[in-house]
Structure formats: C-alpha cells, structure tokens
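Below are the chains, spelled out letter by letter.
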Amino acid sequence: MMRPAAVLFDCDGVLADSEAVVNAIVAEDLTARGWPMTAAEAQAAFLGMALPDMIPRIEARVGPLPFGWGAGLSRLIATAMMERTFAIPGAIAAVQAVVAAGVPVACASNSARMELAAKLRGLGLAEVFGHRVFSFEDVARAKPWPDIYRAAAASCGADPHDCVVVEDSVPGVRAGHAAGCRVLGFAHETPAALLAAHGAEPFTAMADLPGLLGIG
C-alpha cells in the first residue's frame, strides 16, 4: 500500500469524542425554542452538518432564529470544549504515528473556527496541526462539498488524489470522496455499512489506522 502524501483528519468523532457534549448543548437550546429534543436526537438530525446548513432545518421548525444565534452557540460549545475535551481512544497516538512517519497532517471540520480551535487545544493537538486547520468558515462551501478537503490538501502541498481522509460522518465521507481522496470511515457514530455505501473504507479502531495508511 502506497503511503499517502498527507492525512486529512475530521475532528468531531474522529479526534475529539465531543458529540455527546455538543449535541446536549444543541438539544437544550432547541428544546427551549419549542423543538423538544434529546442529545441523541440532535446527533441523529445534525451529525456532520455545519451550522449554516443546520439553520434552515431549525427555522422550519421553530421560526426565525435571533441574530447571532450561530455565533452564540459556537461560544457555548467552545467554552465547554475548553473545560472538557475528551479524545477518541487511540486517536492522539494515531496522529502521532502519522507525524512520526513524516507524513503531513491537516484537520478539516464542519465546526466553527472558535469551536475547532478549542477542541484541538483541549486535545493537545493545536501545535501538531499548526496552520493546517480548516473550519466551514474558511471555505466557500461546507461538507459535503469538497472545498474543505481540497484546501486541507493544498496546505500540505499535496494533490487530493494522493491524500487520505479520515471521517466518521456521511457528509464528511462525501466531501472527501468528491475531493478525490481515499476515504477511511471510522465507524464510531455511523454504521460501517452506511459509510461504505458513500465510498469509505470502514474501520472500527484508531489503533488500526497506521496499518491502513501503510505506515504501521
């Protein structure tokens, strides 16, 4: 197996085990606005989606959201992530193994920029990724469009066709596939069969990632 020119990581559900915290915040907010929802229901409704894509769906249920709603929600999530960001088991070691092998890494997430920075700081990975960090705010179109993975590949000086994307959601898998990357689908929150149906190669343990990348 050829070594990739770069490995492009999603964040939530791939590096940060943040879905429970984030979805609890979203569910509490929407319940207060008249859309009763549990954290699990928020995850099912919005997994992998960027805030701009969530808003029309939310407004169809609760009416117009107040000005600055998205920024306010991002601040709440960023604060929570600074206080308690947990890593997906084996994720930090997997990133370190890729870096130790001399393969460039980038992080590309549908999170807002403020949230993403807080998560990477909480994981101790901010310096590892450096400037090669992209949120939906850094590109014209969020996942499932390919823009963010094309930008991440370019930041590593690599052609997307020579890169591997590590994703856990259907929008993310679609984005990586559309960018021309090989996509490994971490079946943590999304069933392996669903990830495979959208073009990913599923796996279930981060300890397996170096071997799947040909560097183990």
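Being a predicted model, the structure only gives us computed values, none of them experimental.

> So what exactly am I meant to see when it comes to the side chain of asparagine 110 here?
Here asparagine 110 shows up in the loop between strand 2 (105-108) and helix 6 (113-123). Within the structure, asparagine 110 has its side chain in polar contact with the backbone oxygen of glycine 48 (distance 2.8 Å). A distance of 3.1 Å separates a polar atom in the side chain of asparagine 110 from the backbone nitrogen of lysine 143.

> Whenever I open this one, helix 8 (residues 147-155) confuses me. Can you help?
Two residues of an α-helix separated by three or four positions point the same way, owing to the 3.6 residues in each turn. Buried residues of helix 8: Asp147, Ile148, Tyr149, Ala152 and Ala153, and no others. With its phi angle positive at about 70°, glycine 157 sits one or two positions after the end of helix 8.

> What's the story with the pairing of strand 5 (residues 182-186) in this structure? I'm lost.
Side chains on a regular strand alternate between the two faces of the sheet. Burial analysis of strand 5 places four of its five residues in the buried class, which makes it a mostly covered element. With helix 9 (residues 170-179) bridging strand 4 (residues 163-167) and its parallel neighbour strand 5, the resulting β-α-β unit is right-handed. Once the chain exits strand 5 it traverses helix 10 (residues 192-197) before rejoining the sheet at strand 6 (residues 201-203), and the crossover so formed is right-handed.

> I keep staring at the side chain of lysine 119 and nothing clicks. Help me out?
Within the element layout of this structure, lysine 119 appears in helix 6. Judged by its relative accessible area of 1%, lysine 119 is buried. Not counting the four nearest positions on each side in its chain, lysine 119 is found in contact with Cys11, Asp12, Ser18, Val22, Ile77, Met81, Thr85 and Ser111.

> What is the right way to look at helix 6 in this model?
Along helix 6, the residues that are buried comprise Glu115, Leu116, Ala118, Lys119, Leu120 and Leu123. One or two residues past the end of helix 6 sits glycine 124, with phi positive at roughly 75°.

> For this particular structure, what's the right way to read the pattern of salt bridges?
Opposite charge on two side chains makes pairing possible when the charged atoms of those side chains draw close. What the rule picks out here adds up to eight salt bridges. Across the salt bridge formed by arginine 141 and aspartate 147, the nearest N and O atoms sit 3.0 Å from each other. Judged by its relative accessible area of 34%, arginine 141 is partly exposed. Here lysine 143 ties to glutamate 167 by a salt bridge, and the two come within 2.6 Å at their closest N and O atoms. Linking lysine 143 in the loop between strand 3 (133-134) and helix 8 with glutamate 167 in strand 4, this pair joins segments that are 24 residues apart in sequence. Look at glutamate 167 and you get buried, because its relative accessible area is 0%.

> What is the right way to look at the sheet that holds strand 1 (residues 6-9) in this model?
Whenever strands of a sheet pair, they do so through backbone hydrogen bonds, lying parallel or antiparallel. Pairing in this open sheet of six strands is parallel, and the strands run 3-2-1-4-5-6 from one edge to the other. Every other strand in the sheet has two partners, leaving strand 3 and strand 6 as the edge strands with one partner each. Pairing of strand 4 with strand 5 involves four bridges; the strand directions are parallel. When the sheet's bridge partners are listed, glutamate 167 is paired in strand 5 with glycine 185.

> How do you make sense of the state of the cysteines when you look at a structure like this?
In a disulfide, the sulfur atoms of two cysteines are covalently bonded to one another. Considering all chains together, one arrives at zero disulfides under this definition. The thiol sulfur of cysteine 156 is not disulfide-bonded, and the nearest other cysteine sulfur, from cysteine 163, lies at 6.4 Å. Among the residues examined, cysteine 156 registers a relative accessible area of 14% and is labelled buried.

> What is the right way to look at unusual backbone geometry in this model?
Omega for the bond connecting lysine 143 with proline 144 falls within 30 degrees of zero, at 20°, which places this linkage in the cis form. As for its position among the elements, proline 144 is in the loop between strand 3 and helix 8.

> Explain the environment of aspartate 138 here, please?
Inspection of the secondary structure puts aspartate 138 in the loop between strand 3 and helix 8. For the pair aspartate 138 and alanine 112, spaced 26 residues apart in sequence, the C-alpha to C-alpha distance is 9.2 Å. Contacts of aspartate 138, omitting those with residues within four sequence positions, involve Arg113 and Val133. Separated by 2.8 Å, the side chain of aspartate 138 and the backbone nitrogen of serine 135 make a polar contact.

Definitions and limits used
Note on numbering: residues in each chain are counted from 1, in written sequence order. Residue-level local features of this predicted model are given only where pLDDT is at least 70; pairs of side-chain atoms are given and counted only at 80 or more, and the full residue set underlies all totals for whole chains, interfaces and linings. Side-chain measures were taken over the full set of non-hydrogen atoms in the model, leaving aside hydrogen atoms and water. Under the scheme used here, helices are H or I runs from DSSP no shorter than 4 residues and strands are E runs no shorter than 2 residues, and both carry numbers assigned from the N terminus. Under the rule applied, a polar contact is a pair of N or O atoms within 3.5 Å (in protein, one hydrogen donor and one hydrogen acceptor; residues adjacent in sequence only if both atoms are side-chain atoms). To sort residues, take the accessible area from a 1.4 Å probe on protein chains only and compare it with the maximum for the residue type: under 20% means buried, over 50% means exposed, and anything in between is partly exposed. Here, the term right-handed applies to a crossover whose path from the first strand over the helix to the second runs clockwise when the strands point away from the viewer. Residue contacts follow a heavy-atom distance rule, with two residues in contact if any of their heavy atoms lie within 4.5 Å. Any Lys or Arg side-chain nitrogen found within 4 Å of a carboxyl oxygen on Asp or Glu counts as a salt bridge. A pair of strands counts as paired when DSSP detects no fewer than two bridges linking them. Only a pair of cysteine sulfur atoms within 2.5 Å counts as a disulfide in this structure description.

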